[in-house]
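Chain residues, written in single-letter form:
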Amino acid sequence: STPPEPAAAKSPAEKIPTLPTPEFKGSKLKISGTIEPKVVAPGGKVKLTITAELDEGWHVYKYLPHIPETFQGNLPTLIAVSEPANWNPGNTTSSPPPFAAHGNASLPYHEGKVQWSKEFTIPASAKPGETEITGRVGFQTCSNSNCMPSEAADFTATITIGSGAIAESVPLQF
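These numbers were taken from a predicted model, which means no experiment stands behind them.

Draft legend 1. Layout of the packing of aromatic side chains. Under the defined criterion, the tally for this structure stands at three aromatic pairs. Ring centres 5.6 Å apart and planes at 35° place the aromatic pair Phe99 and Tyr109 in the tilted group. Here Phe99 is found in the loop between strand E6 (88-95) and strand E7 (109-111), whereas its partner Tyr109 is found in strand E7, with 10 residues between them in sequence. Taking the relative accessible area as the measure of exposure, Tyr109 reaches 7% and is therefore buried.

This is the structure we're talking about:
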């Protein structure tokens, strides 16, 4: 008999755990995002920005690249992007920075409006043409007295790799 085929590697977006409510409900926040530029030259950079606007009295937890092995408590914000092969991702930053954890919050958190941004360097050898970017944002919204179940929002956008950079942004489709 032949050995079984190895399991296909999961994309970064698929590595975000299945959450209790896996589809985005938008219950206590509005989420949007962009990627820019619309057209980028090989060797150039693109910037992914995800914005959360929270209802008054609610907060979302700081971004972490993954759920820690010893995870307990509130769910951090997770952003996973299935970028094309050989794209070089930079660090994810937030603006404004999160408030320090206190009270019932086990992690630093954001209130009001927060933007997370990540730059990617496109390889100089990238082939010209349309390129789809997909990903998932996982988050948990809480007030000072209770938390909503964890949620996730899948997104997609298409940019073009080519000459003649076009600086406008492309909205993410959630």
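Draft legend 2. Region of the structure containing the sheet that holds strand E10 (residues 141-142). Taken in spatial order, the three strands make up an open sheet running E7-E4-E10, and their pairing is antiparallel. Both outer strands of the open sheet, E7 and E10, are each paired with one neighbouring strand and no more. The pairing of strand E4 (residues 59-61) with E10 spans two bridges and is antiparallel. Note that in E10 the partner of Val60 across the bridge is Thr141.

Draft legend 3. Geometry of the state of the cysteines. One pass over the structure, following the stated rule, counts one disulfide. Across a sulfur-sulfur distance of 2.0 Å, Cys142 and Cys147 are joined as a disulfide pair. Here the disulfide of Cys142 and Cys147 is right-handed, its torsion about the S-S bond being about 110°. Cys142 sits in the buried class, given a relative accessible area of 0%.

Draft legend 4. Structural context of the pattern of salt bridges. The tally for this structure, following the rule as stated, stands at two salt bridges. Residue Lys38 pairs with Glu168 through a salt bridge whose shortest N-O separation is 3.7 Å. In this pair, Lys38 sits in the loop between strand E1 (29-36) and strand E2 (39-40) while Glu168 sits in the loop between strand E11 (151-161) and strand E12 (170-171), placing the two residues 130 residues apart along the sequence. Residue classification places Lys38 among the partly exposed residues on the basis of a relative accessible area of 36%. You can call Glu168 partly exposed: its relative accessible area is 46%. A salt bridge links Asp154 to Arg136; the nearest nitrogen and oxygen atoms lie 2.6 Å apart. Separated by 18 residues along the polypeptide, Asp154 in strand E11 and Arg136 in strand E9 (residues 129-139) bring together distant segments of the chain.

Draft legend 5. Highlighting the pairing of strand E3 (residues 45-54). Of all 10 residues in E3, seven are buried; the element is thus mostly enclosed. Across eight bridges, the pairing between E1 and E3 is antiparallel. Counterpart to Leu29 in the pairing with E3 is Leu54. Where E3 and strand E8 (residues 113-121) come together, nine bridges link them in antiparallel fashion. Looking at the pairing, Thr49 lines up with Ser117 of E8.

Draft legend 6. Fine view of the environment of Phe99. The class for Phe99 is partly exposed, based on a relative accessible area of 42%. A sequence separation of 38 residues divides Phe99 from Tyr61, and the C-alpha atoms of the two residues are 9.3 Å apart.

Rules behind the numbers
- Residues numbered from 1 in each chain as written.
- Predicted model: local features only at pLDDT ≥ 70, side-chain atom pairs only at ≥ 80, totals over all residues.
- Heavy atoms only, no water.
- Phe/Tyr/Trp six-rings, centres within 6.5 Å; stacked < 30°, edge-to-face > 60°.
- Helix = DSSP H or I, 4+ residues; strand = E, 2+ residues; numbered from the N terminus.
- Buried < 20%, exposed > 50% of the residue type's maximum accessible area, 1.4 Å probe, protein only.
- Pairing = 2+ DSSP bridges.
- Disulfide = S-S within 2.5 Å.
- Salt bridge = Lys/Arg side-chain N within 4 Å of Asp/Glu carboxyl O.

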